[in-house]
Amino acid sequence: MCRHAAWLGSPRSPAVLLDEPEHGLVRQSYAPRMQRHGMINADGFGVGWYDPVSGEAVRYRRSIPIWTDANLPGLAGAARSGCLIAAVRSATVGMPIEESATAPFADGRLLLSHNGRVRAEAIRSLVDSAESTCDAAWVAAAVFARVRGGAPLGDALAEVVTHAGTKDPEARLNLLACDGATVAATTWGDTLHVDDTGEDGVLVASEPLSDRPSWRPVPDRRLVLVTPGGARIEPL
Ligand code: GLN
């Protein structure tokens, strides 16, 4: 399973998800504390944010372990955005290890990460194509198609997760997505935590990025919606 994290609030560097907190995603890539499947997340990583002038999504993905990328600290340190997403990957057996199989997947301003696994039959009926044969790329494409069709981001996530999760009872479908103005996430088979006690923003992550007691676990089968007004958690 991968680990993913997002921030919505005052402009910050992606480092707030990666290596500023003691259990950021860089640390979680080799020493996750709550990972239920897989030991380390060394099959790639990705970081996404929004250009403060154009509002366009910017994305940086590699298929190497995050700790081996010497350029990342400088790049992440130079970026600032009020909406950030990042993921470190432990590829599911049989899935390709390549940049196009690595989160965040993107479609315009939408960025999405999938922590879990799902059988091809359960997801490929929802959309015609994806950028990679990786299950996560198909999940992302299915969500993107729904948003392009007019669905709000949270509804699109809920629809794809409940559909695929019903077709494949063993599926794990923790999704994390953002569009520059909101962050949405699902829990379906793995851990997710929220820290919404800060004055200037909300953090969402597979597992807490720090030992701050303000992190709270999200129960399974929930939809998390984060807007500038705060975090809302609903049943899926
Ligand atoms: N199944 C996805 C992949 O192979 C996600 C893997 C994960 O959560 N570890 O990339």
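Residues numbered from 1 in each chain as written. Predicted model: local features only at pLDDT ≥ 70, side-chain atom pairs only at ≥ 80, totals over all residues.

By the naming in an unreviewed UniProt entry, the chain goes by Gamma-glutamyl-hercynylcysteine sulfoxide hydrolase and is assigned to Spongiactinospora rosea. UniProt annotates the chain under Function (unreviewed entry) with the comment "Catalyzes the hydrolysis of the gamma-glutamyl amide bond of hercynyl-gamma-L-glutamyl-L-cysteine sulfoxide to produce hercynylcysteine sulfoxide, a step in the biosynthesis pathway of ergothioneine." According to its UniProt record, the chain has this under Catalytic activity (unreviewed entry): "gamma-L-glutamyl-hercynylcysteine S-oxide + H2O = S-(hercyn-2-yl)-L-cysteine S-oxide + L-glutamate". (UniProt positions renumbered as here; feature names shortened; annotations may be inferred.)

What follows concerns the sheet that holds strand β1 (residues 3-12). If you trace the 7 strands from one edge of the open sheet to the other, you get β3-β2-β4-β1-β10-β9-β11, paired in antiparallel fashion. With one partner strand each, in any of the chains shown, β3 (57-62) and β11 (216-217) form the two edges of the open sheet. The pairing of strand β9 (residues 193-195) with β11 spans 2 bridges and is antiparallel. Bridge pairing in β11 places V194 opposite R216. (Pairing = 2+ DSSP bridges. Helix = DSSP H or I, 4+ residues; strand = E, 2+ residues; numbered from the N terminus.)

Moving on: the nonpolar core. Ranked by size, the top nonpolar core spans 72 residues in total, and within it A6, V139, V143, L157, A177 and V204 carry the most contacts. Examining the composition of this core, we find that 10 residues originate from one element, helix α5 (residues 135-148), more than from any other. If sequence neighbours within four positions are ignored, V143 has contacts with L112, A156, L157, V160 and A177. (Core = buried A, V, L, I, M, F, W, Y, C linked by C-beta atoms within 7 Å. Buried ≥ 20, exposed ≤ 12 C-beta atoms within 10 Å, placed from the backbone. Contact = placed C-beta atoms within 7 Å.)

This brings us to the sheet that holds strand β8 (residues 183-187). Spatially, 6 strands are ordered β5-β6-β7-β8-β12-β13 in an open sheet, and the strand pairing comes out antiparallel. Two strands in the sheet have a free side with no partner beyond their single neighbour: β5 (105-107) and β13 (230-235). On average, each strand axis in the sheet is tilted by 20° relative to the strand beside it, whichever way the strands run. As defined by bridge partners, strand β12 (residues 222-227) adjoins β13 across 6 bridges and the pair is classed as antiparallel. Each residue of the ladder has a partner; that of R222, found in β13, is P235. Those strands touched by α5 are β5, β6 (110-117) and β7 (172-178), and its axis lies near 135° from that of β6. Its contacts with the sheet put helix α6 (residues 153-167) on β7, β8 and β12, and the angle it makes with β7 is roughly 165°. (Axes fitted to C-alpha atoms, helices over the stretch in contact; angles between N-to-C directions.)

Turning to α5, a few remarks are in order. End to end, α5 covers 20 Å across 14 residues, agreeing with the expected 20 Å (1.5 Å per residue, within 8%). α5 sits mainly inside the fold: 12 of its 14 residues count as buried. In this fold, the buried residues of α5 make contact with β5, β6, α4 (120-123), α6 and β7. Directly beyond the C-terminal end of α5, a positive phi value near 110° is found at G150. (Expected span 1.5 Å × (residues − 1).)

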